[in-house]
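Structural description and commentary
Residue strings, one per chain:
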Amino acid sequence: MKSSHVAGITAALAVTATLFSASPAEAASSVQIYRVYYDSPGSDNRSNASLNAEWVQIVNRGSTSRSLTGWKLRDRTGYTYTFGSFRLGARKTVYVHTGRGTDTTKNRYWGRRAYVWNNTGDTAYLRSSSGSLIDKCSWGSSGSSRYC
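This one's a predicted model, so the numbers in the text were calculated from it and none came from an experiment.

Position of Ala-49 among the secondary structure elements: in helix H3 (residues 48–52). Since its relative accessible area comes to 63%, Ala-49 is described here as exposed. In sequence terms Ala-49 and Gly-99 are 50 residues apart; their C-alpha atoms lie 7.6 Å from each other.

Now the structure itself:
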């Protein structure tokens, strides 16, 4: 193969890669973890009210609704909440509470009888149904909540 032909192919591949690679803004998901309230107010007595005061807020910053069916929210230890059939509306938020309750479009309930998020530091991971990491949020031992 002639070197000019190889150079032409190389240049064409570089242009193609530039056209099809997403910028960081385009690659970022419109669905993100917005806030984690990891230390519910009062004593940690495992009451359902206390468990439900521990939550993760997920936001859809996009202009279209997104299916979260099969998406997973988990902590560092591996405790995992899996979304059932659910669509998050455009520019809407949903809270995933640790305790028990009736699911709505604004509130989902994990159904646990023990806390998930560590007050001394943890990480919340949000993964798509295919397992791709969509977003994560970490915190240390100070405060009671973290904006991500």
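For the rest of this paragraph, the subject is the sheet that holds strand S8 (residues 107–109). Here we have five strands laid out as an open sheet, ordered S8-S7-S2-S1-S11, and mixed in their pairing. At either end of the open sheet lies a strand with only one pairing partner, and these are S8 and strand S11 (145–147). When strand polarity is set aside, the average angle formed by the axes of neighbouring strands in this sheet is 25°. Bridge count for strand S2 (residues 55–60) against strand S7 (residues 93–97) is five bridges, and the pairing is antiparallel. Residue pairing for S7: Ile-58 is matched across the bridge by Val-94.

Okay, the pattern of salt bridges next. Here the structure, examined in full by the defined rule, presents one salt bridge. Its salt-bridge partner being Arg-108, residue Asp-103 comes within 3.8 Å of it at the nearest N-O pair. Residue classification places Asp-103 among the partly exposed residues on the basis of a relative accessible area of 37%. Classification of Arg-108 as buried rests on a relative accessible area of 10%.

This brings us to the state of the cysteines. Counted according to the given criterion, the structure contains one disulfide. Residue Cys-137 pairs covalently with Cys-148 via a disulfide, S to S 2.0 Å. Judged by the sign of its S-S torsion, about -80°, the bond between Cys-137 and Cys-148 is left-handed. A residue pair is termed long-range when its members are at least 10 positions apart, and Cys-137 in strand S10 (residues 133–139) and Cys-148 in the segment after S11 qualify at 11 residues.

Where a strand is regular, its side chains alternate between the two sheet faces. Most of strand S9 (residues 122–127) sits out of view: five of its six residues are buried. Of the pairings in the sheet, the one linking strand S4 (residues 72–74) to S9 comprises three bridges and is antiparallel in character. If you follow Lys-72 over to S9, its bridge partner there is Arg-127. Of the strand pairs in this sheet, S9 and S10 are connected by six bridges, and their pairing is antiparallel. When the bridges of S10 are listed, Ala-124 appears paired with Cys-137. The turn linking S9 back onto S10 is made up of five residues, and Gly-131 within it adopts a positive phi angle of 95°.

Analysis parameters
Residues numbered from 1 in each chain as written. Predicted model: local features only at pLDDT ≥ 70, side-chain atom pairs only at ≥ 80, totals over all residues. Heavy atoms only, no water. Helix = DSSP H or I, 4+ residues; strand = E, 2+ residues; numbered from the N terminus. Buried < 20%, exposed > 50% of the residue type's maximum accessible area, 1.4 Å probe, protein only. Pairing = 2+ DSSP bridges. Axes fitted to C-alpha atoms, helices over the stretch in contact; angles between N-to-C directions. Salt bridge = Lys/Arg side-chain N within 4 Å of Asp/Glu carboxyl O. Disulfide = S-S within 2.5 Å.

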